[in-house]
Amino acid sequence: NCSGALALLATVVIAGLGFRSYARGRRLELQVEIARQVQSELLPSQTQDFDPLRLATVYRPAEQVSGDFYDVFRAGDSIAIVMGDVSGKGVPAALVMGVIHGAVRSSAWSESTSAHERESAQLNLLLCEKGSASRYASMFWCYYEPLTRRLGYVNAGHHPPLLVGERGHGIEVVRLDVGGPVLGLLPEARYEQARCDVRPGDVLVLYSDGLIEATNPAGEE
């Protein structure tokens, strides 16, 4: 009876420890799920109207939360388009993504070329001061002016988007690669805005490294 009681006591203790570990795991899962919901709500609704632009998106995070992000919103008479990728994965990358998202939405970067370049440098400085060398971000942000059909952009170390359209007797593909280095590594970095004409029927393709680093069954990118 004594041996049985000790065995029962040991079982209860082990079960109690396991339950506490299980409870902590469940709380962590719940917190990550809340973070996922918050992050998904930051992304633009696919039902929003951005006339005269038509928007099509695919977003598949590698984990429940991700450092990849995009945004589309109206900024005065222009339409702003943003895509970025924070280094790393999971909750830490998602937190930095939230900081960048807020800074992009709250600044007046689409007012002029100089404002765009200035805000790019300010955002870079913010990430350098508040982040760490292991947390940096690439970002492409641009604004389209429907009246002039002009696109102003800064590419901060992101994979160059492609502007595809009919020119002359064929299809022309322009890589939008003007800008500067990634955000959050070089405090003194400077950024340059470039502008290009957009014609009816043109397609702007933006993507993250999740696309170009995807592999086939043989492990080839």
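In this text the structure is predicted, and so the values were computed from the model without any measurement. (Residues numbered from 1 in each chain as written. Predicted model: local features only at pLDDT ≥ 70, side-chain atom pairs only at ≥ 80, totals over all residues. Heavy atoms only, no water.)

**Section: the overall build of the chain**
(1) Moving on: Along the chain, the regular secondary structure elements total four helices and nine strands.
(2) Moving on: Each helix (α) and strand (β) of the chain, taken in turn from the N terminus, gives the series α-β-β-α-α-β-β-β-β-β-β-β-α.
(3) Moving on: When contacts within the chain are restricted to residue pairs at least 6 apart in sequence, long-range pairs at least 24 apart make up 66% of them.
(4) Moving on: Of the accessible surface of the chain, which amounts to about 13,400 Å², a share of 55% is contributed by carbon and sulfur atoms. (Helix = DSSP H or I, 4+ residues; strand = E, 2+ residues; numbered from the N terminus. Contact = heavy atoms within 4.5 Å. Areas by Shrake-Rupley, 256 points an atom, 1.4 Å probe, with all protein chains shown as cover.)

**Topic: the sheet that holds strand β6 (residues 170-175)**
Strands pair in a sheet through their backbones, by hydrogen bonds, and they do so in one of two ways: parallel or antiparallel.
(1) Moving on: One open sheet holds the three strands; their spatial order is β6-β5-β9, and the pairing between them is antiparallel. Only two strands of the sheet have a single neighbouring strand rather than two, namely β6 and β9 (203-205). Neighbour-to-neighbour, the strand axes of this sheet turn through a mean angle of 25 degrees, independent of strand direction.
(2) Moving on: Where strand β5 (residues 162-167) and β6 come together, six bridges link them in antiparallel fashion. (Pairing = 2+ DSSP bridges. Axes fitted to C-alpha atoms, helices over the stretch in contact; angles between N-to-C directions.)

**A closer look at a nonpolar patch on the surface**
(1) Moving on: Where nonpolar side chains cluster on the molecular surface, the patch consists of Y136, L185 and L186 and spans about 260 Å² of accessible area.
(2) Moving on: Within the fold, L186 resides in the loop between β7 (179-180) and β8 (194-197). (Patch = residues over 30% accessible without salt bridge, like charges linked within 9 Å, V, L, I, M, F, W, Y side chains within 5 Å. Salt bridge = Lys/Arg side-chain N within 4 Å of Asp/Glu carboxyl O.)

**Comments concerning the environment of P61**
(1) Moving on: Of note, P61 is situated in the loop between α1 (2-42) and β1 (68-75).
(2) Moving on: In this structure the C-alpha to C-alpha distance between P61 and K89, which are 28 residues apart in sequence, comes to 9.2 Å.

**Description of the nonpolar core**
(1) Moving on: V82, V86, I100, V104, W109 and M139 are the most contacted members of the largest nonpolar core, which has 24 residues in total.
(2) Moving on: Mapped by element, the contributors of at least two residues to this core are β1, β2 (78-86), α2 (90-106), α3 (113-130), β3 (137-145) and β4 (150-156).
(3) Moving on: For V86, the contacting residues outside a window of four places in its chain are G67, F69, A93, V96, M97, I100, Y136 and A137.
(4) Moving on: With 14 residues, the next largest nonpolar core counts V72, F140, Y153 and C196 among its residues. (Core = buried A, V, L, I, M, F, W, Y, C linked by side-chain atoms within 4.5 Å. Buried < 20%, exposed > 50% of the residue type's maximum accessible area, 1.4 Å probe, protein only.)

**What about the packing of aromatic side chains?**
(1) Moving on: For the structure shown, the criterion picks out four aromatic pairs.
(2) Moving on: Seen in terms of ring centroids, W109 and Y143 are 6.0 Å apart; in terms of plane orientation they differ by 65 degrees. Their pairing is edge-to-face. In this pair, W109 sits in the loop between α2 and α3 while Y143 sits in strand β3, placing the two residues 34 residues apart along the sequence.
(3) Moving on: Of the residues examined, W109 reaches a relative accessible area of 1% and is grouped as buried.
(4) Moving on: With relative accessibility at 1%, the residue Y143 sits in the buried group.
(5) Moving on: An aromatic cluster of three or more residues is present, and its members are W109, W141 and Y143. (Phe/Tyr/Trp six-rings, centres within 6.5 Å; stacked < 30°, edge-to-face > 60°.)

**Some words on unusual backbone geometry**
(1) Moving on: Of note, the amide linkage connecting D51 to P52 takes the cis form, showing an omega dihedral of 10 degrees.
(2) Moving on: Locating P52 in the fold gives a position in the loop between α1 and β1.
(3) Moving on: With a phi close to 55 degrees, R149 is a non-glycine residue in the positive phi region.
(4) Moving on: Note that R149 resides in the loop between β3 and β4.

**What about the pairing of β5?**
(1) Moving on: Residues L163, G165 and R167 of β5 are buried on one face, while the alternating residues L162, V164 and E166, pointing to the opposite face, are not.
(2) Moving on: With antiparallel pairing between neighbouring strands as the criterion, β5 and β6 make up a hairpin whose turn holds two residues, including G168 at a positive phi of roughly 65 degrees.
(3) Moving on: Direction of pairing for β5 relative to β9: antiparallel, over a ladder of three bridges. Bridged to L163 within β9 is L204.

**With respect to the side chain of H158**
(1) Moving on: One can find H158 in the loop between β4 and β5.
(2) Moving on: Separated by 2.8 Å, the side chain of H158 and the backbone oxygen of Y207 make a polar contact.
(3) Moving on: Aside from chain neighbours lying at most four places away, what touches H158 is M83, G84, D85, S138, M139, F140, Y207 and S208. (Polar contact = N/O pair within 3.5 Å; in protein donor to acceptor, adjacent residues only side chain to side chain.)

**Quick notes on the state of the cysteines**
(1) Moving on: Under the definition given, this model contains zero disulfides.
(2) Moving on: Free cysteine: C142, not disulfide-bonded; nearest cysteine sulfur from C196 at 8.3 Å.
(3) Moving on: Residue class for C196 comes out buried when judged on its relative accessible area of 14%. (Disulfide = S-S within 2.5 Å.)

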